[in-house]
Amino acid sequence: MYVLPFLQKKNEAGVCPPVLRPPRTVRLQAVALLVCLLFCACGIDNYIYLYRVETYFNKPNSSNDFARNYCAFQTPDTENNNSAPGYFRGFEIYYRIYTSLSVLESEIYAINSYNEDDSTRAMAFSYLTGTYRYKRLAASGRLTDMPLIPAWGGPDRAAVVRIYHSDGSYRAGVRVYGIGPVFPEDGTLLADYGLPRRTVGGITRNTRDYEFHTAEISSGDDDVSWTAGTGTVDECYVQFYAVTYGYDDTFTNIYSELFDLGYITLNRDWDRDQSRSTDPH
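In this convention, every chain numbers its residues from 1, walking through the sequence in written order. This being a predicted model, a pLDDT of at least 70 is required before a residue's local features are given, and a value of 80 or more before pairs of side-chain atoms are given or counted; all residues contribute to the totals for chains, interfaces and linings. Where side-chain values are given, they derive from all heavy atoms of the structure, hydrogens and water being excluded.

Trainee: Can you walk me through the overall build of the protein in this structure?
Mentor: Comment: elements are numbered from the N terminus, with helices defined as DSSP H or I runs of at least four residues and strands as E runs of at least two. Within the protein, the secondary structure is distributed over five helices and 14 strands. We call two residues in contact whenever any of their non-hydrogen atoms come within 4.5 Å of each other. For the protein, the proportion of contacts with a sequence separation of at least 24, taken over those separated by at least 6, is 64%. For every accessible area listed, the method is Shrake-Rupley and the probe measures 1.4 Å; residues are considered covered only by the protein chains on display. Surface summary for the protein: the accessible area is close to 15,000 Å², and the carbon and sulfur share equals 53%.

Trainee: Got a minute to help me understand the environment of Tyr 177 in this structure?
Mentor: By the secondary structure assignment, Tyr 177 is in strand E8 (residues 173–178). Counting along the chain gives 18 residues from Tyr 177 to Ala 159, while the straight-line C-alpha distance between them is 6.5 Å. Filtering out sequence-adjacent residues up to four positions away, Tyr 177 remains in contact with Arg 157, Ala 158, Val 160, Pro 184, Glu 185, Gly 187, Thr 188, Leu 189 and Leu 190.

Trainee: Could you clarify how one ought to interpret the sheet that holds strand E2 (residues 70–75) in this entry?
Mentor: Strands belonging to one sheet form pairs held by backbone hydrogen bonds; the direction of such a pair is parallel or antiparallel. Strand pairing requires that DSSP identify at least two bridges connecting the strands. Overall, antiparallel pairing links the five strands, which are arranged E1-E2-E7-E8-E9 in an open sheet. Looking at which strands have only one partner, the edges of the open sheet turn out to be strand E1 (56–58) and strand E9 (189–192). Between one strand axis and the next, the sheet turns through 20° on average, direction left out of account. Bridging between E8 and E9 involves three bridges; their strand directions are antiparallel. Looking across to E9, one finds that Tyr 177 is bridged to Leu 189. Structural elements are reduced to axes, namely lines fitted to C-alpha atoms, with helices fitted over the stretch in contact, and the angle between N-to-C directions of any two is expressed from 0 to 180 degrees.

Trainee: What should I look at first to understand the side chain of Thr 75 in this one?
Mentor: Within the secondary structure layout, Thr 75 lies in strand E2. Here Arg 157 takes part through its backbone nitrogen, which lies 2.9 Å from a polar atom of the side chain of Thr 75. Beyond its immediate chain neighbours, meaning those up to four positions away, Thr 75 contacts Phe 91, Asp 156, Arg 157 and Ala 159. Whenever two N or O atoms come within 3.5 Å, that pair is a polar contact, provided that in protein one can donate a hydrogen and the other can accept it, and provided that, for residues adjacent in sequence, both atoms are side-chain atoms.

Trainee: Quick question: what am I supposed to make of the pairing of strand E14 (residues 259–267) here?
Mentor: Successive residues of a regular strand alternate their side chains across the two faces of the sheet. Residue exposure (1.4 Å probe, protein chains only): buried if accessible area is under 20% of the type maximum, exposed if over 50%, otherwise partly exposed. The buried fraction of E14 is high, at nine of nine residues. Note that strand E12 (residues 235–247) and E14 share eight bridges and pair antiparallel. The residue bridging Cys 236 from the neighbouring strand is Leu 266, located in E14.

Trainee: Quick question: what am I supposed to make of the packing of helix H3 (residues 101–116) against helix H4 (residues 124–131) here?
Mentor: Relative placement of two packed helices is described by the angle separating their axes and the distance separating the axes. Two numbers describe how H3 lies on H4: the axes approach to 9 Å, and their chain directions differ by 155°. As the angle between them shows, H3 and H4 are arranged roughly antiparallel. Handedness of the H3/H4 crossing: right-handed. Between H3, through Ala 110, Ile 111, Tyr 114 and Asn 115, and H4, the contact on the second element is made entirely by Ala 124, Tyr 127 and Leu 128. Split into classes, the residues belonging to the contact of H3 with H4 amount to six nonpolar, one polar and no charged. For classification purposes, an angle smaller than 35 degrees is called roughly parallel, one larger than 145 roughly antiparallel, one from 65 to 115 roughly perpendicular, and anything else oblique. Two helices crossing with the near one rotated counterclockwise from the far one by less than a right angle form a left-handed crossing, whereas a clockwise rotation gives a right-handed crossing. As a working rule, the residues Ala, Val, Leu, Ile, Met, Phe, Trp, Tyr, Cys and Pro are called nonpolar, Asp, Glu, Lys and Arg charged, and the rest polar, with Gly in that last group.

Trainee: Sorry, what's going on with the side chain of Asn 69 here?
Mentor: Secondary-structure assignment places Asn 69 in the loop between E1 and E2. Apart from the residues lying within four places of it in its own chain, the contact partners of Asn 69 are Pro 60, Ser 62, Tyr 164, Ile 264, Thr 265 and Trp 270.

Trainee: Explain the packing of aromatic side chains here, please?
Mentor: Any two aromatic rings considered together are summarised by their centre-to-centre distance and by the angle between their planes. Pairing of aromatic rings covers Phe, Tyr and Trp, the last through its six-membered ring, and needs centres within 6.5 Å; plane angles under 30 degrees mean stacked, over 60 mean edge-to-face, and all others mean tilted. All chains considered together, the criterion is met by 13 aromatic pairs. Aromatic side chains Tyr 49 and Tyr 51 sit 5.1 Å apart centroid to centroid with 90° between the ring planes, which places their arrangement in the edge-to-face category. Judged by relative accessible area, which is 31%, Tyr 51 ranks as partly exposed. With 5.5 Å between their ring centres and 50° between their planes, Tyr 245 and Tyr 255 make a pair best called tilted. Here Tyr 255 lies in strand E13 (residues 253–255) and Tyr 245 lies in strand E12, a separation of 10 residues in the sequence. Given a relative accessible area of 5%, Tyr 245 falls into the buried group. Linked through ring pairs, Tyr 94, Phe 125, Tyr 245 and Tyr 255 together constitute an aromatic cluster. Lying over the aromatic face of Tyr 193, Arg 142 brings its terminal NZ or CZ to 5.7 Å of the ring centre. Whether a charge sits over a ring comes down to the Lys NZ or Arg CZ being within 6 Å of the ring centre and within 35 degrees of the ring normal. Lying over the aromatic face of Tyr 70, Arg 162 brings its terminal NZ or CZ to 3.9 Å of the ring centre.

What follows is the structure, encoded as structure tokens:
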């Protein structure tokens, strides 16, 4: 047993005997126990950090280039599996439809500035969905499943969102691929979640009025920023953001910082050129 020096008794010669110290392993265990008790007493929670998306393969942002009218990004699976195992669940995509390109650009500037500011970035997801009313993108094969793109234990993947068919080679849909040598869809198809679906009034369905077509866009839809006046529009724009998704020990949803995927153009002439897709789901 270790006795404090000032409590030791002197021997008959008037000399204190050598202090007996506990073995080093015992001392380290005591320190570890003390640190553990301090953390528990202070109520310090387990901090979970989700890495956001950082890389896109294609960012459309053009109303004239039909061939590039799709979103594609790299999923940071490896980083999140290493840093947050058991908490990282996958990726979600949020969108909003705009009938005015100038309004879209103004709001995107505000959102991106908020997302990149050190003092506000932790609240960027709430800013996106609360202040600017972005809605969750669904797919016909995963209407209510969360997340839209589930995590997996393999390497990073290429996620692709297409609203239109392109040149007969690429079909509309939400899909993930192994990363290809040139284009994201050159890789091995890993999952096909079906056609993109809107969320309107908190509901999404596999019906025409939940498709991304100009004829289905209405001023009363809560996923639409309508500034084009009355009637219908010939062209509008769908802005997308990707977020990494997970939950904590209490199963409370947690989200990463945002990643700007760009906007896809919806065009009435393109709608007419393509027959409505036959959805396998």
